[in-house]
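Take a look at the letters that make up each chain.
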Amino acid sequence: MSEDKKTLDLEVFILDISYEVVGNSPVILIWGIDREGRRILIKDHSFRPYFYFLPYEDADVSEKEIISSIKKISSPRSPITEVSPVSKKLFGREVKAYMVKTVIPEAVREYREKIKDLPFVKEVLEADIRFAMRYSIDKDLAPSTWHVLRLREVSSSGVYRVDGEYELIDIINRNVSSVPPPLRVVAFDIEVYNPRGSPRADIDPVIIIAVMNDKGEIYQFVAEDHNDRDVIQKFVDYIIKYDPDVLVGYNTSLFDLPYLIERAKRNRIVLDISRRKNSEPRQSAYGHISISGRLHVDLYHFAEEISEIKIKSLDYVAEFFGVMKRSERTNIEWYDIYKYWDDPERRKILLKYSRDDVISTYGIAEKILPYAIQLSALTGLPLDQVGAASVGNRLEWYLIREAYKYNELVPNREERPYEPYKGAIVLEPKPGIHENIAVLDFSSMYPNIMIKYNIGPDTFVSDPSECDVIECYEIPGTNYRFRKDPPGFYKKVLETLLKLRKSIREEMKKYSPNSVEYKVLDERQRGVKILANAAYGYMGWIGARWYYKQGAEAVTALGRMIITKAIEIAEKLGLKIIYGDTDSLFLYYDEKKINEFIKEIEEKLELEIKIDKIYRRVYFTEAKKRYVGLTVDGNIDIVGFEAVRGDWTDLAKEVQENVAEIILRTGSVDKAIDYVRRVIRELEERKISYEKIIIWKTITKRLEEYEAQAPHVRAAKILLAKGGRVAIGDKIGYVIIKGSGKISDRAMPYMYATINDIDTEYYIEHQIIPAAMRILSYFGISEKTLRGSKGVKSLFEFTEKRIS
DNA sequence: TCGTGGCGGGG
DNA sequence: GTGTACGCCACGA
């Protein structure tokens, strides 16, 4: 390494932070991009791993004795270089802790175990924070963000595929911008040969690898018959040549990359696609696959958390994002792929299919990456990990960063028993059709409750006599109290988040909605809101480091009190309440009174409530959590009915949606009945598209664990018996076929039946009629009416049933 | 006929 | 590997 080069200050957008052990010490590697678009690597040789332990407060040992007994366990491979007493906080309480520093990150685990067992040690803390994350937290260097770094250029080591290598001298300025530079993005997708159903990586070759880059170029690398050596090599060469910063795929962490790794091994070639020469992709945090110096983003993780998408296959997700319609793409059943490969004519169709897949993947990436980048900057998780991490983990990393700033120790993860507690209020709806209804929502109710009542593990008072109502908030319906002062950890963090969101929204006003800056800020404020809203659920999650059941219980208790008070205020104003759930109220829309209501809520409850939407008509049955509404903008909302549930057929959803729409738009029950009869007739004549009658249900545990033989479990077992593979989380698509016996005995995976095999009576009886009756039964319509063809009454003959 | 186990989507 | 509330299905007593 040459030492004679001058230092320079460079603005750097951090892609990823990793480390490697060289010789006998760790080197932090910061992968980044500078303003000139150069891909660079910055090394920091100065950082060392450390962790803390807490001695028992009443331990009969001196500081000196403690330090010397820790030093005794030091081993030469990675010596303990420092043991020092430090003042820290744990759940807001001042504690005297000891910091233990060593050299090699891997040695932390070994020391953690040894120190934990020492008689004077109560607890070892922060020994499970990964080294690269430790660095990024301590230095406050968030990935996916620009920072100004003082660097010294060093000569190329020849090991990394970058435009420049540097040593970090100093951090000059942090978080200077969150507008990412133009990133080189490559989407990829593989097709594999599968003559036995599920492909086996040990014997079945990769046949096509498709890639699409940010210039819109698409390439397809094709195998020679059943030899995949060249196709994999061509893919590796392409990646090295194009040098993407981001490599995206769909389910690539669980399928494409593990498959490629195995095939490369079988072919004795190195899957050398990273920016560290001769290093292969490897399994990393949260099960995702990491590629040194590049960000591998598996888009499936983001699709997973979008509840509006019922079936999370690439084609459905692409359609949801408006990338490619399912009707316009080449569809091949996965179990037929090998047939298309073996037939020269049909191989062309397979190529088109692979092309459509990679275009879809790239299109989804364009929609998701801007949000993912902001989420990464916010939580401090590198872009390639942020998707794979659960919502709870994302918030947890944010909390860990905040804890560091407050000198708070990070609590350990603990195994705890599951303890249920009471949730929110759901009002009995007033059944019938109501006109002109405003839906009012408390803004961020739970985060605001946590702030206002200072709720958290550090403010909880276990003995109510310890703290009176002047010093403490009493939580109604519980005997819990929380100290008003000082502000607790959750309160501080949530206030930071809400302030941050406000300032982002202020900042947005400076830009045109079409500008890059505006869009970036919009993605960021969305991320902040989602993070803040996750705090309550996180506090009640037994796996959380900052778990606090009493806190979560207090939040829901206060939520119930607030909604109850809001109801009283509404009633006093003469506003009629139709329905309410958790933090929302459905009220008759009287503009003057509603405005008065909003004002009073603000004054009396010190909380903001806003009109979320106004329904021209909304229809409720007696059931909670389900209604259909026609908004003033002419949109139909269907909430809680089968139409929005994934476990009903598309046919039932369609019937219910159309019945709701006909009733809300025309007010004619006749028209709705005619429509249902028409659908029944079409089904009996088997003129309905087969796809619409497939029932999709998720396998949520191992098949042996199911006690009842539900239809989807039976179908899954058939799949398995035919050589397919069934994993937890798989959606099983099945149809009910003709025959005798129980329904579950007649469940058949959809690919093993056709429209002519199906039991039409089952679909009429269990899908079409119930879906329609959920809405129509209120109007006195019977099942017979739907099946028959007699004349029917109009809506106006049922006016006596109308509540409004 | 009713209670139970199991499941999923949304406020 | 966020929470509880809710409605519905199939099944079996």
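Above this text you will find the structure in question.
In this text, all values refer to a predicted model and were calculated from it rather than measured experimentally.

Side note on the overall build of chain A
Here is step 1: A count of helical and extended segments in chain A gives 21 helices and 28 strands.
Here is step 2: Every one of the 804 residues in chain A was classed for burial, and the buried ones make up 54%.
Here is step 3: For chain A, the share of sequence-separated contacts (at least 6 apart) that also reach a separation of at least 24 residues comes to 67%.
Here is step 4: As displayed, chain A has an accessible area near 36,000 Å², and 48% of this comes from carbon and sulfur atoms.
Here is step 5: On chain A, the mean spot of the 124 positive side-chain charges and the mean spot of the 126 negative ones are 1 Å from each other.

Brief notes about the side chain of R134
Here is step 1: Counting through the fold element by element, R134 comes out in helix α3 (residues 131-138).
Here is step 2: A polar contact is formed between the side chain of R134 and the side chain of E126, at a distance of 2.7 Å.
Here is step 3: Leaving out residues up to four positions away in the same chain, R134 has contacts with F47, Y50, E126, I129 and Y404.

Structural notes on helix α11 (residues 391-405)
Count 3.6 residues to each turn of an α-helix, and residues three or four apart come out pointing the same way.
Here is step 1: Over its 15 residues, α11 extends 22 Å from the first C-alpha to the last, a length consistent with the 21 Å expected when each residue adds 1.5 Å.
Here is step 2: In terms of residue burial, α11 counts as a mostly covered element, since twelve of its 15 residues are buried.
Here is step 3: Every buried residue of α11 is accounted for by G392, N393, R394, L395, E396, W397, Y398, L399, I400, R401, E402 and A403.

A few points about the protein's contact with DNA strand C
Here is step 1: Around DNA strand C, 22 residues are found, and the nearest of them are S390, Y418, G423, R626 and S744.
Here is step 2: Counting only the atoms of DNA strand C that lie within 4 Å of the protein, the sugar and phosphate share comes to 94%.
Here is step 3: Contact distances for DNA strand C include 2.8 Å between a phosphate oxygen and a backbone N or O atom of K624.
Here is step 4: At 3.0 Å, a side-chain N or O of R774 approaches a phosphate oxygen of DNA strand C.
Here is step 5: Of the residues assigned to the surface near DNA strand C, the class counts are nine nonpolar, six polar and seven charged.

Examining the nonpolar core
Here is step 1: Among the nonpolar cores identified, the biggest contains 114 residues, and F442 and F597 are the most heavily contacted of them.
Here is step 2: Broken down by element, the residue count for this core peaks at twelve residues, all from helix α15 (residues 549-572).
Here is step 3: Counting 60 residues, the second largest nonpolar core, distinct from the first, contains I433, I662, I695 and W696.

Comments concerning the pattern of salt bridges
Note on pairing: side chains with opposite charge can pair once their charged atoms come close.
Here is step 1: Within this structure, the stated rule accounts for 58 salt bridges.
Here is step 2: The closest approach of N and O atoms between R161 and D272, which form a salt bridge, is 2.7 Å. Here the residue R161 occupies a position in the loop between β8 (146-154) and β9 (164-177), and D272 occupies one in the loop between α5 (252-266) and β14 (282-283), the gap between them amounting to 111 residues.
Here is step 3: With relative accessibility at 12%, the residue D272 sits in the buried group.
Here is step 4: Through salt bridges that share partners, R39, R184, D243, D245, R275 and R294 make up one connected network.

With respect to the state of the cysteines
Here is step 1: Applying the stated criterion across every chain, the model contains one disulfide.
Here is step 2: Disulfide partner of C467: C472, at an S-S distance of 2.0 Å. Residues C467 and C472 are joined through a disulfide that is right-handed, its torsion about the S-S bond being 105°.

Here we look at the packing of α3 against α11
Here is step 1: One can describe the packing of α3 onto α11 by two numbers: an axis separation of 10 Å at closest approach and a directional angle of 50°. It follows that α3 is oblique to α11 by the angle criterion. The two elements α3 and α11 cross, and the hand of that crossing is right-handed. Each of M133, R134, S136, I137 and D138 in α3 lies in contact with α11, whose residues at this interface are W397, I400, R401 and Y404.
Here is step 2: For the contact of α3 with α11, the residue count by class is five nonpolar, one polar and three charged.

Regarding the sheet that holds strand β18 (residues 460-461)
Here is step 1: Pairing is antiparallel in the open sheet, where three strands are placed in the order β18-β20-β19. The open sheet has two free edges, formed respectively by β18 and β19 (472-474), since each of these has just one partner strand.
Here is step 2: Examined bridge by bridge, β19 and strand β20 (residues 481-483) share three bridges and lie antiparallel to one another. Bridge pairing links Y473 to F482 in β20.

Re the packing of aromatic side chains
Here is step 1: One pass over the structure, following the stated rule, counts 37 aromatic pairs.
Here is step 2: Seen from their ring centres, F320 and F321 are 5.2 Å apart, and the 85° between their planes marks the pair as edge-to-face.
Here is step 3: Here the aromatic rings of F489 and W546 are separated by 4.9 Å at their centres, their planes lie at 35°, and the arrangement is tilted. Placement of the pair is F489 in helix α13 (residues 489-508) and W546 in the loop between α14 (516-539) and α15, with a sequence separation of 57 residues.
Here is step 4: Ring pairing ties together the aromatic residues Y579, F586, Y615, F620 and Y627, which thus form one cluster.
Here is step 5: Against the face of Y340 rests R346, its NZ or CZ located 4.5 Å from the ring centre.

Points about unusual backbone geometry
Here is step 1: In this chain, D485 is followed by P486 through a cis amide linkage whose omega measures -10°.
Here is step 2: With a phi angle near 65°, N407 is a residue other than glycine that sits in the positive phi range.

With respect to the environment of L151
Here is step 1: Its location among the elements puts L151 in strand β8.
Here is step 2: Looking at L151, the relative accessible area reads 0%, which means it is buried.
Here is step 3: Apart from residues no more than four positions distant in its own chain, L151 is found in contact with K6, T7, L8, L10, I42, Y166, E167, L168 and I169.

Quick word on the packing of helix α12 (residues 445-452) against α15
Here is step 1: α15 packs onto α12 with a crossing angle of 105° between their chain directions and a minimal axis gap of 10 Å. Comparing their axes, α15 and α12 come out roughly perpendicular. Together, M445, Y446, I449 and M450 of α12 and V555, T556, L558, G559 and I562 of α15 make up the contact between the two elements.
Here is step 2: Split by residue class, the contact of α12 with α15 holds seven nonpolar, two polar and no charged.

Notes on the environment of Y453
Here is step 1: Relative to the elements of secondary structure, Y453 occurs in the loop between α12 and β18.
Here is step 2: In this structure the C-alpha to C-alpha distance between Y453 and Q220, which are 233 residues apart in sequence, comes to 59 Å.
Here is step 3: What Y453 contacts, discounting residues up to four positions off in sequence, is Y473, F482, L558 and M561.

Here we look at helix α18 (residues 669-684)
Here is step 1: Look at α18: 23 Å from first C-alpha to last across 16 residues, which is about the 22 Å you get at 1.5 Å a residue.
Here is step 2: Next to the buried residues of α18 lie α17 (650-666), α20 (760-776) and α21 (783-787).
Here is step 3: Where α18 begins, the capping side chain belongs to S668, and its oxygen is found 3.5 Å from the backbone nitrogen of D670.

Let's talk about the sheet that holds strand β1 (residues 7-22)
Backbone-to-backbone hydrogen bonds pair the strands of a sheet. The strands run either parallel or antiparallel.
Here is step 1: Read around the closed barrel, five strands run β1-β2-β3-β9-β8, paired in mixed fashion. Here the average twist between neighbouring strands, direction ignored, is 50°.
Here is step 2: Sheet topology note: the β1/β8 ladder contains seven bridges and is antiparallel. Note that in β8 the partner of E11 across the bridge is V148.
Here is step 3: Against the sheet, α3 engages β1, β2 (25-34), β3 (39-44) and β9, with an angle of about 150° to β1.

What to know about the environment of D245
Here is step 1: Among the secondary structure elements, D245 is positioned in the loop between α4 (229-242) and β13 (246-249).
Here is step 2: Separated by 62 residues in sequence, D245 and L183 place their C-alpha atoms 6.2 Å apart.
Here is step 3: If sequence neighbours within four positions are ignored, D245 has contacts with L15, I33, R39, L183, R184, R275, R294 and L295.

Rules used in this analysis
Residues numbered from 1 in each chain as written. Chains lettered and ligands numbered in written order. Predicted model: local features only at pLDDT ≥ 70, side-chain atom pairs only at ≥ 80, totals over all residues. Heavy atoms only, no water. Helix = DSSP H or I, 4+ residues; strand = E, 2+ residues; numbered from the N terminus. Buried < 20%, exposed > 50% of the residue type's maximum accessible area, 1.4 Å probe, protein only. Contact = heavy atoms within 4.5 Å. Areas by Shrake-Rupley, 256 points an atom, 1.4 Å probe, with all protein chains shown as cover. Lys, Arg positive; Asp, Glu negative; His and termini not counted. Charge placed at Lys NZ, Arg CZ, Asp CG, Glu CD. Polar contact = N/O pair within 3.5 Å; in protein donor to acceptor, adjacent residues only side chain to side chain. Expected span 1.5 Å × (residues − 1). Near = heavy atom within 4 Å. Nonpolar A, V, L, I, M, F, W, Y, C, P; charged D, E, K, R; others polar. Core = buried A, V, L, I, M, F, W, Y, C linked by side-chain atoms within 4.5 Å. Salt bridge = Lys/Arg side-chain N within 4 Å of Asp/Glu carboxyl O. Disulfide = S-S within 2.5 Å. Axes fitted to C-alpha atoms, helices over the stretch in contact; angles between N-to-C directions. Parallel < 35°, antiparallel > 145°, perpendicular 65-115°, else oblique. Left-handed = near helix turned anticlockwise from the far one by under 90°. Pairing = 2+ DSSP bridges. Phe/Tyr/Trp six-rings, centres within 6.5 Å; stacked < 30°, edge-to-face > 60°. Lys NZ or Arg CZ within 6 Å of the ring centre and 35° of its normal.

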